[in-house]
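Examination of the molecular architecture
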Amino acid sequence: QSASVLLLPSSHEGQPLVALEAAACGLPVLAHKDLHSLPDGTFTTGPSLDEWVETLRGLLSTPTVPVQNVLEHSVEAVRASWASIYDAMA
(Lines give C-alpha, C1' and ligand atoms only; values in the text may rest on other atoms or scores of the structure.)
Protein backbone atom coordinates (compact mmCIF):
# COMPACT_ATOMS: atom_id res chain seq x y z
CA GLN A 1 0.00 0.00 0.00
CA SER A 2 2.93 2.35 0.43
CA ALA A 3 5.05 1.23 -2.53
CA SER A 4 5.98 3.77 -5.20
CA VAL A 5 6.87 1.31 -7.95
CA LEU A 6 7.19 -2.44 -8.56
CA LEU A 7 10.57 -3.55 -9.92
CA LEU A 8 10.85 -6.74 -12.00
CA PRO A 9 14.54 -7.13 -12.85
CA SER A 10 14.23 -10.76 -13.98
CA SER A 11 14.68 -11.21 -17.72
CA HIS A 12 12.88 -14.58 -17.82
CA GLU A 13 9.32 -14.92 -16.52
CA GLY A 14 6.19 -16.36 -18.00
CA GLN A 15 3.44 -13.84 -17.50
CA PRO A 16 4.37 -12.22 -14.19
CA LEU A 17 1.05 -11.98 -12.37
CA VAL A 18 2.56 -9.65 -9.81
CA ALA A 19 2.88 -7.06 -12.60
CA LEU A 20 -0.80 -7.43 -13.48
CA GLU A 21 -1.81 -7.18 -9.83
CA ALA A 22 0.31 -4.07 -9.30
CA ALA A 23 -1.01 -2.44 -12.45
CA ALA A 24 -4.59 -3.22 -11.42
CA CYS A 25 -3.93 -1.33 -8.18
CA GLY A 26 -2.49 1.65 -10.05
CA LEU A 27 1.10 0.94 -9.03
CA PRO A 28 3.67 1.72 -11.75
CA VAL A 29 5.64 -1.32 -12.94
CA LEU A 30 9.26 -1.13 -14.09
CA ALA A 31 10.25 -4.39 -15.76
CA HIS A 32 13.20 -5.83 -17.63
CA LYS A 33 12.88 -5.09 -21.34
CA ASP A 34 12.98 -8.81 -22.24
CA LEU A 35 9.83 -9.71 -20.29
CA HIS A 36 6.72 -10.28 -22.35
CA SER A 37 2.96 -10.41 -21.83
CA LEU A 38 2.96 -7.25 -19.73
CA PRO A 39 0.08 -4.77 -19.84
CA ASP A 40 0.48 -1.68 -22.02
CA GLY A 41 1.79 1.17 -19.93
CA THR A 42 4.43 -0.95 -18.20
CA PHE A 43 7.76 0.82 -18.09
CA THR A 44 10.66 -1.29 -19.37
CA THR A 45 14.41 -0.91 -19.15
CA GLY A 46 17.66 -2.81 -18.86
CA PRO A 47 19.80 -4.69 -18.92
CA SER A 48 22.44 -2.38 -17.42
CA LEU A 49 22.23 -1.06 -13.87
CA ASP A 50 22.73 2.49 -15.14
CA GLU A 51 19.62 2.14 -17.34
CA TRP A 52 17.62 0.91 -14.35
CA VAL A 53 18.77 3.78 -12.15
CA GLU A 54 18.04 6.40 -14.82
CA THR A 55 14.59 5.01 -15.62
CA LEU A 56 13.67 4.60 -11.95
CA ARG A 57 14.73 8.16 -11.13
CA GLY A 58 12.59 9.47 -13.95
CA LEU A 59 9.65 7.33 -12.92
CA LEU A 60 9.81 8.43 -9.28
CA SER A 61 10.01 12.11 -10.23
CA THR A 62 7.06 12.05 -12.65
CA PRO A 63 3.43 11.27 -11.80
CA THR A 64 2.19 8.26 -13.73
CA VAL A 65 -1.16 7.29 -15.18
CA PRO A 66 -2.49 3.92 -13.96
CA VAL A 67 -2.62 1.13 -16.53
CA GLN A 68 -6.10 0.90 -18.03
CA ASN A 69 -6.13 -2.41 -19.90
CA VAL A 70 -5.42 -4.90 -17.13
CA LEU A 71 -8.69 -6.76 -17.76
CA GLU A 72 -7.46 -8.04 -21.12
CA HIS A 73 -4.87 -10.01 -19.12
CA SER A 74 -7.46 -11.63 -16.87
CA VAL A 75 -7.67 -15.42 -16.60
CA GLU A 76 -10.90 -15.39 -18.60
CA ALA A 77 -9.41 -13.30 -21.41
CA VAL A 78 -6.25 -15.41 -21.61
CA ARG A 79 -8.32 -18.62 -21.56
CA ALA A 80 -10.49 -17.31 -24.42
CA SER A 81 -7.40 -16.34 -26.40
CA TRP A 82 -5.89 -19.81 -26.02
CA ALA A 83 -9.22 -21.43 -26.89
CA SER A 84 -9.39 -19.48 -30.15
CA ILE A 85 -5.84 -20.54 -31.01
CA TYR A 86 -6.63 -24.22 -30.36
CA ASP A 87 -9.91 -23.96 -32.29
CA ALA A 88 -8.05 -22.50 -35.27
CA MET A 89 -5.67 -25.47 -35.29
CA ALA A 90 -8.45 -28.07 -35.25
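How each quantity is defined
One numbering rule holds for all chains: residues counted from 1, following each sequence as written. Reporting in this predicted model follows two pLDDT cut-offs: at least 70 for local features of residues, and 80 or more for side-chain atom pairs to be given and counted; totals over whole chains, interfaces and linings ignore these cut-offs and use all residues. The side-chain quantities take in all heavy atoms of the structure and omit both hydrogens and water. Only DSSP runs of H or I with at least four residues qualify as helices, and only runs of E with at least two residues qualify as strands; both kinds are numbered from the N terminus onward. Think of it in three bands: with a 1.4 Å probe and only protein chains considered, a residue is buried below 20% of the maximum accessible area for its type, exposed above 50%, and partly exposed in between. Two residues form a contact once any of their heavy atoms are found within 4.5 Å. Strands are treated as partners if at least two bridges between them are detected by DSSP. A crossover counts as right-handed when, viewed with the strands pointing away from the observer, the path leading from the first strand over the helix to the second turns clockwise. Fitted lines through C-alpha atoms serve as axes, helices being fitted only where they are in contact, and the angles separating the N-to-C directions of these axes extend from 0 to 180 degrees. By definition, no residue in a patch forms a salt bridge, and every one has over 30% relative accessible area; like charges are joined within 9 Å, nonpolar side chains (Val, Leu, Ile, Met, Phe, Trp, Tyr) within 5 Å. Throughout, the Shrake-Rupley method with a 1.4 Å probe supplies accessible areas, and for residues the shown protein chains are the sole cover considered. The rule for a salt bridge is simple: a side-chain nitrogen of Lys or Arg has to be within 4 Å of a carboxyl oxygen of Asp or Glu.

**Observations regarding the side chain of Thr42**
- Within the fold, Thr42 resides in the loop between β2 (29–32) and β3 (43–45).
- Since its relative accessible area comes to 16%, Thr42 is described here as buried.
- When sequence neighbours within four positions are dropped, the list of residues in contact with Thr42 reads Val29 and Ala31.

**Focus on the pairing of β2**
- Here strand β1 (residues 6–8) runs beside β2; their pairing, made up of three bridges, is parallel. When the sheet's bridge partners are listed, Leu8 is paired in β2 with Ala31.
- At this point the chain moves from β1, through helix α1 (residues 17–24), to the parallel β2, and the crossover so formed is right-handed.
- The pairing of β2 with β3 spans three bridges and is classified as parallel. Directly across from Ala31, in β3, lies its bridge partner Thr44.

**What to know about the environment of Ala24**
- Within the secondary structure, Ala24 is located in helix α1.
- For Ala24, a relative accessible area of 56% puts it in the exposed group.
- Placed 15 residues apart in sequence, Ala24 and Pro39 show a C-alpha to C-alpha distance of 9.8 Å.

**Quick notes on the sheet that holds β1**
- Across the sheet, three strands lie side by side as β1-β2-β3; this open sheet has parallel pairing. Each end of this open sheet is capped by a strand with a single partner; those strands are β1 and β3. Going across the sheet, the axis of each strand differs from the next one's by a mean of 20°, ignoring polarity.
- Along the sheet face, α1 touches β1 and β2 and points at about 160° away from the line of β1.
- Here helix α2 (residues 49–61) sits on the sheet in contact with β1, β2 and β3, set at roughly 165° to β2.

**So, a nonpolar patch on the surface**
- Taken together, the side chains of Trp82, Ile85, Tyr86 and Met89 make up a nonpolar region of the molecular surface, amounting to roughly 480 Å² of accessible area.
- A relative accessible area of 38% places Ile85 in the partly exposed class.

**Observations regarding the side chain of Thr45**
- Its place among the elements puts Thr45 in strand β3.
- According to the relative accessible area criterion, Thr45 is buried, its value standing at 6%.
- For Thr45, the residues in contact, after removing those within four places along its chain, are Leu30, Ala31, His32, Lys33, Glu51, Trp52 and Thr55.

**What about the environment of Pro9?**
- By the element assignment, Pro9 lies in the loop between β1 and α1.
- As for Pro9 and Lys33, which are separated by 24 residues in sequence, their C-alpha atoms are 8.9 Å apart.
- Each residue touching Pro9, except ones within four places of it in the same chain, is listed here: His32 and Trp52.

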